[in-house]
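Chain by chain, the residues:
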Amino acid sequence: GPAKELAFAKQSLSVCDSAAGKLRKKYQACQDELEAEEAAHAECQKSLEEQTNKVGAEAAAQEKSLAADMEAKVKSLQARVEELEAKLRSAEERAARAERKAELEEETANDEEQKRKRCEAELSRGHHSNSEREDTTATVSAKMQSNYLTLAAMSDPQHNYLAIWPY
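Keep in mind that what you see is a predicted model, and the values were worked out from it rather than measured.

1. Let's talk about the overall build of the protein
Assigned secondary structure in the protein consists of three helices and zero strands. In the protein, the succession of α and β elements from N to C terminus is α-α-α. The buried share among the 167 residues of the protein stands at 7%. By element, 57% of the accessible surface of the protein is carried by carbon and sulfur atoms, the whole surface being about 13,900 Å².

What follows is the structure in structure tokens.
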């Protein structure tokens, strides 16, 4: 009868309560696991962002450093080019001075040879008195001394021969 049904219903309720309790425990365990997973995921996300920022900052610093190194190398090479250009100009100036000096020496030698031949010819013909010969000799001597002084001045690297000997 009814007492038996009531007892059976109570027993069924107790079994259901027990099953519901077990399900609640499982649900809570799943909920806890899900929260732990979400927390771990958030931690990974945060760590990934930090690493990304760190790598980005390092890359930017390296790029800046490389740019500075390249700029320094370019400046160094430009300075070296300017130095070599200056040396080249200096060498060209020395070569031009040496060339002009050689020309002047040749002119001087030619002048001396011409004057010597003229003097010899005049002396051998005997057309001049002693005083005229002395004047000619003094003129030749003065011209030679002038040429030697000019050559000596040109040999001095500080001497600006271009002002005196324009091309």
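2. Observations regarding the pattern of salt bridges
Enumeration over the complete set of coordinates arrives at eight salt bridges. For Glu113, the salt bridge is made with Arg116, and the minimal N-O distance between the two is 2.5 Å. With Glu113 and Arg116 both in helix H1 (residues 2–125) and three residues apart, this pair spans about one turn of that helix. Residue classification places Arg116 among the partly exposed positions, given a relative accessible area of 39%. In the salt-bridge network here, residues are joined through shared partners; they are Glu113, Arg116, Lys117 and Glu120.

3. Re H1
For H1, with 124 residues, the first-to-last C-alpha span of 180 Å sits near the 184 Å given by 1.5 Å per residue. Of the positions making up H1, those classed as buried are Arg97, Arg100, Leu104, Thr108, Lys115 and Cys119.

4. Concerning the confidence of the model for the protein
In this model, the protein carries a mean pLDDT of 86, and residues with pLDDT of at least 70 account for 81%. By mean pLDDT, helix H3 (residues 161–164) is the weakest element of the protein at 52, and H1 is the strongest at 93.

5. Points about a negative patch on the surface
Taken together, the side chains of Asp32, Glu33, Glu35, Glu37 and Glu38 define an acidic patch exposed on the protein surface. With relative accessibility at 53%, the residue Glu37 sits in the exposed group.

Calculation notes
Residues numbered from 1 in each chain as written. Predicted model: local features only at pLDDT ≥ 70, side-chain atom pairs only at ≥ 80, totals over all residues. Heavy atoms only, no water. Helix = DSSP H or I, 4+ residues; strand = E, 2+ residues; numbered from the N terminus. Buried < 20%, exposed > 50% of the residue type's maximum accessible area, 1.4 Å probe, protein only. Areas by Shrake-Rupley, 256 points an atom, 1.4 Å probe, with all protein chains shown as cover. Salt bridge = Lys/Arg side-chain N within 4 Å of Asp/Glu carboxyl O. Expected span 1.5 Å × (residues − 1). pLDDT = per-residue confidence, 0-100. Patch = residues over 30% accessible without salt bridge, like charges linked within 9 Å, V, L, I, M, F, W, Y side chains within 5 Å. Lys, Arg positive; Asp, Glu negative; His and termini not counted. Charge placed at Lys NZ, Arg CZ, Asp CG, Glu CD.

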